[in-house]
Amino acid sequence: MRIILIIGLGSFIGGISRYLISLYIYSKGFNGFPYGTLTVNIVGCFMIGIVYGIAEKSGLSNGWSLFLATGVLGGFTTFSAFSYETISLMRDGQSGAALLYVMCSVVIGLLATWGGIFVVS
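Thresholds, definitions, all that
- Residues numbered from 1 in each chain as written.
- Predicted model: local features only at pLDDT ≥ 70, side-chain atom pairs only at ≥ 80, totals over all residues.
- Heavy atoms only, no water.
- Patch = residues over 30% accessible without salt bridge, like charges linked within 9 Å, V, L, I, M, F, W, Y side chains within 5 Å.
- Areas by Shrake-Rupley, 256 points an atom, 1.4 Å probe, with all protein chains shown as cover.
- Salt bridge = Lys/Arg side-chain N within 4 Å of Asp/Glu carboxyl O.
- Helix = DSSP H or I, 4+ residues; strand = E, 2+ residues; numbered from the N terminus.
- Contact = heavy atoms within 4.5 Å.
- Phe/Tyr/Trp six-rings, centres within 6.5 Å; stacked < 30°, edge-to-face > 60°.
- Buried < 20%, exposed > 50% of the residue type's maximum accessible area, 1.4 Å probe, protein only.
- Axes fitted to C-alpha atoms, helices over the stretch in contact; angles between N-to-C directions.
- Left-handed = near helix turned anticlockwise from the far one by under 90°.
- Nonpolar A, V, L, I, M, F, W, Y, C, P; charged D, E, K, R; others polar.

Asker: I'm lost on a nonpolar patch on the surface in this one. Help?
Answerer: Judged by side-chain polarity, L9, F12, I13, I16, Y19, L20 and L23 come together as a nonpolar surface patch covering roughly 680 Å² of accessible area. Tracing the chain through its elements places L9 in helix α1 (residues 2-27).

What follows is the structure in structure tokens.
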């Protein structure tokens, strides 16, 4: 039960952070393309690389790993929003934007994760 509460607390923090960052980005006029979710996913990928890099290097406890990676970052980066926004772009006839969004999310996300691991190595 303790682990579930740890993950739940992390998810609460991550989900709220995700919402606030996306809200901030969209409030600056970045509309028509899912810049908020893209930003959150890239930052989240980089951060999870850092968490797992630290865990491998210094033996981060299982509780902290679950809190940070599964909880906070799991709540922060949701690819369900990514999927929905991609489908929405395609439904709106913006296939090029949808493809660009998928490519940026996957390629830059993988590079960001690698970068996070590299930073702490």
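There's plenty left to go through after this.
Asker: Please explain the environment of L73 as it appears in this structure.
Answerer: By the secondary structure assignment, L73 is in helix α3 (residues 62-76). Taking the C-alpha atoms as reference points, L73 and I87, 14 residues apart in sequence, are found 24 Å from one another. When sequence neighbours within four positions are dropped, the list of residues in contact with L73 reads G44, M47, I48, V51 and L68.

Asker: What am I meant to see in the packing of aromatic side chains here?
Answerer: When we look at a pair of aromatic rings, we describe it by the centre distance and by the angle of the planes. According to the stated counting rule, one finds 6 aromatic pairs in the structure shown. Aromatic side chains W64 and F67 sit 5.8 Å apart centroid to centroid with 85° between the ring planes, which places their arrangement in the edge-to-face category. Of this pair, W64 and F67 both sit in helix α3, 3 residues apart, roughly one helical turn. The class for F67 is buried, based on a relative accessible area of 17%.

Asker: How should the environment of I6 be read in this particular structure?
Answerer: Positionally, I6 belongs in helix α1. Looking at I6, the relative accessible area reads 17%, which means it is buried. Expressed as a C-alpha distance, the spacing of I6 and F67, which sit 61 residues apart in the sequence, is 5.5 Å.

Asker: Help me understand the environment of F76 in this model?
Answerer: Inspection of the secondary structure assignment puts F76 in helix α3. In the structure, F76 is positioned 57 residues away from Y19 in sequence and 8.3 Å away in space, judged by C-alpha atoms. If sequence neighbours within four positions are ignored, F76 has contacts with G14, G15, S17, R18, I21, V40, V43 and G44.

Asker: Which parts of the structure should I look at to understand the packing of α1 against α3?
Answerer: Angle between the axes and distance between the axes are the two parameters that describe a pair of packed helices. With their axes 6 Å apart at the nearest point, α1 and α3 run at an angle of 35° to one another. In this structure, α1 crosses over α3, and the sense of that crossing is right-handed. Every residue of α3 that contacts α1 at I3, I6, I7, L9, G10, S11, I13, G14, G15, S17, R18 and I21 is listed here: G63, L66, F67, T70, G71, V72, G75 and F76. For the contact of α1 with α3, a count of residues per class yields 10 nonpolar, 9 polar and 1 charged.

Asker: What should I look at first to understand the side chain of S65 in this one?
Answerer: If you trace the backbone, S65 turns up in helix α3. By relative accessible area, which is 13% here, S65 ends up buried. Among residues more than four places away in sequence, those in contact with S65 are A55, L60 and T70.

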